[in-house]
Amino acid sequence: MLVFWKERLVLLANPKTGTSAIEDALGSLATLSLPRPAVLKHTNATIYRTHLQPYFEQNADGAFQVVALMRNPFDWLGSWYRHRQGEGFTGSPLDTSNLSFDAFVEAYLQTPCPEFADVGTQSGFLMQADRVGVDRIFCYEDMERFVHFMEDVLDCAIVLPRLNVSPDAALHLTDDHRTALTHVLGDDLVLYERVAAGETA
């Protein structure tokens, strides 16, 4: 999470949407940067609105705009799978290097699911109860639009580095698992369609 106090802007770090690169590029410009631990870095909309927003707005004497990015839900889940194939996870309970993506998705669909597949949903991060908890959501796939927005807000040029790049891996799914995943990620897919259409901007 990055807080830009003067600009009255909060950027929530939705996991697997380029947050490490954004933090590297913008962290020094932020009034408050929470790069670690992960529970603080990835503060979600509900936690922010419930606990941090009242404190911030009381002391800033004004409202903050809250923004975040969202990724195609299937690609987002694939990014988690590939990320946990990295050397840093070898031999750990989160290691997915010995699994196909189809096996990873099969585990993700279980209730409860194994630790290595327990990554939640983007709607769970971005929603607050039954409504969107973020003022403006940008598509990860249209990063240029987000960068232009932040350049206007901060009045400076921004270049994002390539950081935390996941290993390449095949993302093949059986038809049955794709159908089941479409159902489980239903809220994410609906929200992503709205974001792609510019309805949450």
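Preceding this section is the structure that the text describes.
Residues numbered from 1 in each chain as written. Predicted model: local features only at pLDDT ≥ 70, side-chain atom pairs only at ≥ 80, totals over all residues. Heavy atoms only, no water.

1. Describing the pattern of salt bridges
And then number 1: In total, this model carries three salt bridges according to the counting rule given.
And then number 2: We note a salt bridge from Arg194 to Glu199, for which the minimum N-O separation is 3.8 Å.
And then number 3: Arg194 gets classed as partly exposed once you look at its relative accessible area, which sits at 33%.
And then number 4: Look at Glu199 and you get exposed, because its relative accessible area is 53%. (Salt bridge = Lys/Arg side-chain N within 4 Å of Asp/Glu carboxyl O. Buried < 20%, exposed > 50% of the residue type's maximum accessible area, 1.4 Å probe, protein only.)

2. Focus: the packing of aromatic side chains
And then number 1: Considering all chains together, one arrives at twelve aromatic pairs under this definition.
And then number 2: Here Phe56 and Phe64 contribute two aromatic rings whose centre-to-centre distance is 5.9 Å and whose plane-to-plane angle is 45°, an arrangement assigned as tilted. For the pair formed by Phe56 and Phe64, the shared burial category is buried.
And then number 3: Each member of the aromatic cluster is reached from another via a ring pair, and the members are Trp5, Tyr48, Tyr55, Phe56 and Phe64. (Phe/Tyr/Trp six-rings, centres within 6.5 Å; stacked < 30°, edge-to-face > 60°.)

3. What about the environment of Thr182?
And then number 1: By secondary structure assignment, the location of Thr182 is in helix H8 (residues 175-184).
And then number 2: Considering only alpha carbons, one finds Thr182 and Lys16, 166 residues apart in sequence, at a separation of 19 Å.
And then number 3: Setting aside residues up to four positions removed in sequence, Thr182 forms contacts with Phe74 and Leu189.
And then number 4: Polar side-chain contacts of Thr182 include one of 2.8 Å to the backbone oxygen of Arg178. (Helix = DSSP H or I, 4+ residues; strand = E, 2+ residues; numbered from the N terminus. Contact = heavy atoms within 4.5 Å. Polar contact = N/O pair within 3.5 Å; in protein donor to acceptor, adjacent residues only side chain to side chain.)

4. Brief notes about the nonpolar core
General note: in soluble globular proteins, nonpolar side chains tend to be found buried as a group.
And then number 1: Residues Val10, Leu12, Tyr48, Leu126, Val134 and Ile137 are the most contacted members of the largest nonpolar core, which totals 22 residues.
And then number 2: For this core, the elements supplying multiple residues, two or more each, are helix H3 (45-60), strand S4 (65-70), helix H6 (122-126), strand S7 (136-139) and helix H9 (186-196).
And then number 3: Broken down by element, the residue count for this core peaks at four residues, all from H3.
And then number 4: With near-sequence residues (within four places) excluded, Ile137 lies in contact with Ala68, Leu69, Met70, Leu126, Val132, Leu191, Val195 and Thr200. (Core = buried A, V, L, I, M, F, W, Y, C linked by side-chain atoms within 4.5 Å.)

5. Digging into unusual backbone geometry
And then number 1: Residue Pro37 follows Arg36 across a cis peptide bond; omega there is -5°.
And then number 2: The residue Pro37 is located in the loop between strand S3 (32-33) and helix H2 (38-41) in this model.
And then number 3: In this model, Thr111 is joined to Pro112 through a cis peptide bond whose omega is -5°.
And then number 4: A positive phi angle, close to 55°, is found at Arg8, a residue other than glycine.
And then number 5: By the secondary structure assignment, Arg8 is in the loop between strand S1 (2-4) and strand S2 (9-11).
And then number 6: Residue Asp61 is not a glycine yet carries a positive backbone phi of 55°.
And then number 7: Inspection of the secondary structure puts Asp61 in the loop between H3 and S4.
And then number 8: Owing to a relative accessible area of 71%, Asp61 belongs among the exposed residues under this scheme.

Remember, this is a structural readout, not a statement about activity or role.
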